[in-house]
Amino acid sequence: MNRNKADHFIPVVIKTSLDLPPLWGRLSFLSPDEAELVSHFELPEGRVVALTFELGRAAFEDIRARIKKALRDSDGYYNYSLSFLDPAQSGPIKSAIAEGSAR
């Protein structure tokens, strides 16, 4: 798991349920199938979350992901390894990543 070593973080809104306010964090790694998330908020392994973020000119809303692994670092941040659940959402993420790396 990438422990806060990324040069660039992507701000993200984290929804855990409809009746709770959204949380915040940053993506430190992103691929079409998985991501690494850093946040001050504690969430259990196995929990499903919905992520909203921007990547380049693309905006992504309610990208469903399951927390595969959760670790707390010495600064009090939680580092989460996520896997995306909806293959239909992976295509647009892959395109946005490819567009960003082509620049």
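Everything numeric in this text was worked out from a predicted model, so none of it was measured.

Caption draft 1: Representation of the overall build of the protein chain in the model. Each helix and strand in the protein chain was counted, giving 1 helix and 6 strands. In the protein chain, the succession of α and β elements from N to C terminus is β-β-β-β-β-β-α. Radius of gyration (C-alpha) of the protein chain: 13 Å, near the 13 Å computed for a compact globule of 103 residues. Structurally, the protein chain occupies a C-alpha span of about 35 × 30 × 20 Å along its principal axes.

Caption draft 2: Representation of the side chain of Ser-83. If you trace the backbone, Ser-83 turns up in strand 6 (residues 78-84). Those residues in contact with Ser-83 that lie beyond four places of it in its chain are Asp-33, Glu-34, Arg-64, Ala-65, Arg-66 and Lys-68.

Caption draft 3: Structural detail: the sheet that holds strand 5 (residues 58-72). Taking strand neighbours around the barrel as the criterion, the 6 strands line up as 1-2-3-6-5-4 in a closed arrangement whose pairing is antiparallel. Along the sheet, successive strands turn relative to each other by an average axial angle of 45°, direction set aside.

Caption draft 4: Here's a closer look at the pairing of strand 4 (residues 48-55). Sheet topology note: the strand 1 (residues 10-15)/strand 4 ladder contains 4 bridges and is antiparallel. When the bridges of strand 4 are listed, Val-12 appears paired with Phe-53. Relative to strand 5, strand 4 runs antiparallel, the two sharing 7 bridges. By the bridge assignment, Leu-51 is partnered in strand 5 with Ile-63. Where strand 4 folds back onto strand 5 in an antiparallel hairpin, the turn is made up of 2 residues, including Gly-56, whose phi is positive at roughly 65°.

Caption draft 5: Up close: the confidence of the model for the protein chain. Of all residues in the protein chain, 90% attain a pLDDT of 70 or more, and the chain-wide mean is 90. The least confident element of the protein chain, judged by mean pLDDT, is helix 1 (residues 87-101) at 89; the most confident is strand 6 at 98. Long-range and interchain partners of residues 1-6, a stretch whose pLDDT sits below 50, account for 20 contacts in this model, where long-range means more than four residues apart.

Caption draft 6: Looking closely at the nonpolar core. Membership of the largest hydrophobic core comes to 23 residues, with the highest contact counts inside it found for Ile-14, Leu-27, Leu-30, Leu-51, Phe-53, Leu-82 and Phe-84. Looking at this core, the elements that each hand over two or more residues are strand 1, strand 2 (23-30), strand 3 (34-39), strand 4, strand 5, strand 6 and helix 1.

Caption draft 7: Structural view of unusual backbone geometry. At Asp-62, a residue that is not glycine, the phi angle is positive and equals roughly 55°. Among the structural elements, Asp-62 can be located in strand 5.

Caption draft 8: Region of the structure containing the environment of Glu-45. Assignment of secondary structure puts Glu-45 in the loop between strand 3 and strand 4. Each C-alpha atom of the pair Glu-45 and Arg-66 lies 7.9 Å from the other, and the pair is 21 residues apart in sequence. Ignoring any residue separated from it by four or fewer positions in sequence, one finds Glu-45 in contact with Ile-67, Lys-68, Lys-69 and Ala-70.

What counts and what doesn't
Residues numbered from 1 in each chain as written. Predicted model: local features only at pLDDT ≥ 70, side-chain atom pairs only at ≥ 80, totals over all residues. Heavy atoms only, no water. Helix = DSSP H or I, 4+ residues; strand = E, 2+ residues; numbered from the N terminus. Rg over C-alpha atoms; globule rule 2.2 N^0.38 Å. Contact = heavy atoms within 4.5 Å. Pairing = 2+ DSSP bridges. Axes fitted to C-alpha atoms, helices over the stretch in contact; angles between N-to-C directions. pLDDT = per-residue confidence, 0-100. Core = buried A, V, L, I, M, F, W, Y, C linked by side-chain atoms within 4.5 Å. Buried < 20%, exposed > 50% of the residue type's maximum accessible area, 1.4 Å probe, protein only.

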